[in-house]
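Residue-level structural notes
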Amino acid sequence: MNEGRTPPRRIDADAIPRLKPHVRLQFSEARSAWIVQAPERVLMPDDIALAVLQRCDGVASVAAIVTALASAYDAPPSEVEGDVVELLQDLAEKGIIADARD
Amino acid sequence: MPEIEAPLAILAELTHRCPLQCPYCSNPLELERARQELETDEWLRILDEAAALGVLQVHFSGGEPMARRDLEALVAHAAAVGLYTNLITSGVMLDDRRAAALAAAGLDHVQISFQDVDDAEGDRIAGYKDAQRQKREAARRVRGAGLPLTVNAVVHRQNLARLAEMIELAVELDAARIEVAHVQYYGWALRNRAALLPSRAQLDAATAIVEEARERLRGRLVIDYVVPDYHAALPKACMGGWGRRFLNVTPSGHVLPCHAAETLPGFDFPSVREASLAAIWRSSDAFNRFRGTSWMQEPCRNCERREIDWGGCRCQAFALTGDINATDPVCGKVADRTILEAAVRESAAPPPPLIYRRIGGEQPVRPATVVPTAG
Ligand code: SF4
Ligand code: SF4
């Protein structure tokens, strides 16, 4: 792991997203909602963001996540891909996810 | 009365004891003594109540929270009840043994404050010999223990010239994040304002450094930056709004909507020794006092930003105007600029024109929302 050292690649279809260490997806009983806990931040994902984050396991590629979501939501993969890449790039820049290839 | 949401985070001020003497410390001028501090089992109960109330994160702070020997036990308990645990420390008490013990207890994140990059200057501001070197060592121990690190660089007119090096220090220490925190002028810092408040020119230079570094270090180092209120055109949503996101428990167990709230007159802040956290959050007079907008006077009352910045900081409004219901005087919509101008002049800096500052609260992210959990 070389976080903080070399510039990470941009998220693309081959990227393998994972939650960064010490970021966790957690169900809050008191709030009856999924939340992402990160250093001095919380993130309240909407349904789509949650579906993406739940698949960021450090194994599945972005392409595989897109395929799974497209069939789950019955949407064209080309549209889904744009949204997923944009979301993950944003989360990468905010220190929530990383590319397991980096 | 607006619907009361659960707080996001609790700032647990375990103690006011600290070996350092920073002239901008956010602790009250009237420091609480060790014998007034809550017992371990009282803190354990607070953590249970916080989790049940829907609190997500706990920031262990002080003073120096590591001055409490039960810190590891409190971290372990907080982790067990599902809270995300953050340690806000000066670092000078963080030796190998305690770094390992804290990591083993389930600590999630550490924030270490830095007074400078220069050893002599850092030690001078901290009022503590060898502080700067010990902080760097502490940062390495934190990373060595596998914990993520935030460098909190507290900046003011006496160290802003070295801001670029402070950002480099964060990279060198393998921090994931640096918070470039301009001193906020309450408590001790208000006393020292003339010595600390930067000029507008210094501030602009600092902002340019941050913008350049953000671009260059994108994806490697997150840089959080908040400009000092006195140079802002719009006030910040202090603590995300009174009684909306945060609660603060003092070493002796008083519960406050923000760490500086005890500077406000006419309040009887409830104690965890007398009521539950939930009752205090939902129904105490102190927490309901400035919730919503019905308490506001003009120009806030009819302002389109009233639910964005909630009228600014109550402590600042009181400190500068003597009226706790006043609009935060840093707001450009306050017709009478004399208060702010006098404050800036008094600080020995020429009164600068106001510049826009980003509201420190919510940052919209599509399609999720990231919410900071530290004030
Ligand atoms: S290290 Fe923190 S608590 Fe200690 S004096 Fe400095 S600002 Fe205050
Ligand atoms: S008038 Fe009040 S609500 Fe409007 S921007 Fe100023 S402080 Fe905020």
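Residues numbered from 1 in each chain as written. Chains lettered and ligands numbered in written order. Predicted model: local features only at pLDDT ≥ 70, side-chain atom pairs only at ≥ 80, totals over all residues. Heavy atoms only, no water.

Points about the overall build of chain A
When its secondary structure is counted, chain A shows 3 helices and 5 strands. Taken from the N to the C terminus, the helices and strands of chain A come in the order β-β-β-β-α-α-α-β. A compact globule built from 102 residues would reach a C-alpha radius of gyration of about 13 Å, and chain A, at 13 Å, matches this within 12%. Along the first, second and third principal axes, the C-alpha atoms of chain A reach 40 × 35 × 20 Å. Counting over 102 residues, chain A shows a buried share of 41%. Of the roughly 5,000 Å² that chain A leaves accessible, carbon and sulfur atoms contribute 53%. Taking the average location of the 11 positive side-chain charges in chain A and that of its 17 negative ones, the two points are 9 Å from each other. (Helix = DSSP H or I, 4+ residues; strand = E, 2+ residues; numbered from the N terminus. Rg over C-alpha atoms; globule rule 2.2 N^0.38 Å. Buried < 20%, exposed > 50% of the residue type's maximum accessible area, 1.4 Å probe, protein only. Areas by Shrake-Rupley, 256 points an atom, 1.4 Å probe, with all protein chains shown as cover. Lys, Arg positive; Asp, Glu negative; His and termini not counted. Charge placed at Lys NZ, Arg CZ, Asp CG, Glu CD.)

Some thoughts on the overall build of chain B
When its secondary structure is counted, chain B shows 13 helices and 11 strands. What you see for chain B is a C-alpha radius of gyration of 20 Å, in line with the 21 Å of a compact globule of 375 residues. Principal-axis analysis of the C-alpha atoms places the extent of chain B at approximately 55 × 45 × 45 Å. In chain B, which comprises 375 residues, the share counted as buried stands at 58%. Pairs at least 24 apart in sequence give 71% of the contacts found in chain B among residues at least 6 apart. Entry remark: accessible area of chain B is about 14,700 Å², with carbon and sulfur atoms responsible for 51%. Distance between charge centroids for chain B: 2 Å, based on 43 positive and 49 negative side chains. (Contact = heavy atoms within 4.5 Å.)

Focus on the confidence of the model for chain A
Overall, the prediction assigns chain A a mean pLDDT of 89, with 93% of residues at 70 or greater. Model confidence for chain A, summarised as mean pLDDT per element, is weakest for helix α3 (residues 77-93) of chain A at 91 and strongest for strand β1 (residues 17-19) of chain A at 96. (pLDDT = per-residue confidence, 0-100.)

Overview of helix α6 (residues 163-172) of chain B
Residues and elements named next belong to chain B. Inspection of α6 places Leu163, Met166, Ile167, Leu169, Ala170 and Val171 among the buried residues, and these make up the whole buried set. Turning to α6, the residues buried within the fold contact β4 (109-114), α5 (131-144), β5 (149-155), β6 (177-182), α9 (200-216) and β7 (222-226). The first or second residue beyond α6 is Asp174, which carries a positive phi of 65 degrees.

Considering the environment of Val155(B)
Residues and elements named next belong to chain B. One can find Val155 in strand β5. Note: C-alpha distance between Val155 and Leu107 (48 residues apart in sequence) is 27 Å. Dropping the residues within four chain positions of it, Val155 is found in contact with Leu160, Leu163, Met166, Val180, Ala181, His182 and Val183.

Here's the deal with the nonpolar core
What tends to happen in soluble globular proteins is that the nonpolar side chains get buried as a cluster. Ile10(B), Phe60(B) and Ile178(B) are the most contacted members of the largest nonpolar core, which totals 66 residues. Discounting residues that sit within four places of it in the chain, Ile10(B) has contacts with Ile46(B), Ala50(B), Val55(B), Gln57(B), Val58(B), His59(B), Leu247(B), Val249(B) and Leu277(B). (Core = buried A, V, L, I, M, F, W, Y, C linked by side-chain atoms within 4.5 Å.)

Description of the site of ligand 2
All names here are of chain B. Taken together, Pro235, Pro299, Cys300, Cys303, Arg305, Arg306, Asp309, Gly311, Thr327 and Cys331 are the residues near ligand 2. Structurally, ligand 2 is housed in the second largest cavity. Looking at the shell around ligand 2, its residues break down into 5 nonpolar, 2 polar and 3 charged. (Near = heavy atom within 4 Å. 1 Å grid on protein atoms, 1.4 Å probe; cavity = no way out; pocket = protein on both sides within 12 Å on 5 of 7 lines; lining within 4 Å. Sits in = over half its atoms within 2 Å of the grid points. Nonpolar A, V, L, I, M, F, W, Y, C, P; charged D, E, K, R; others polar.)

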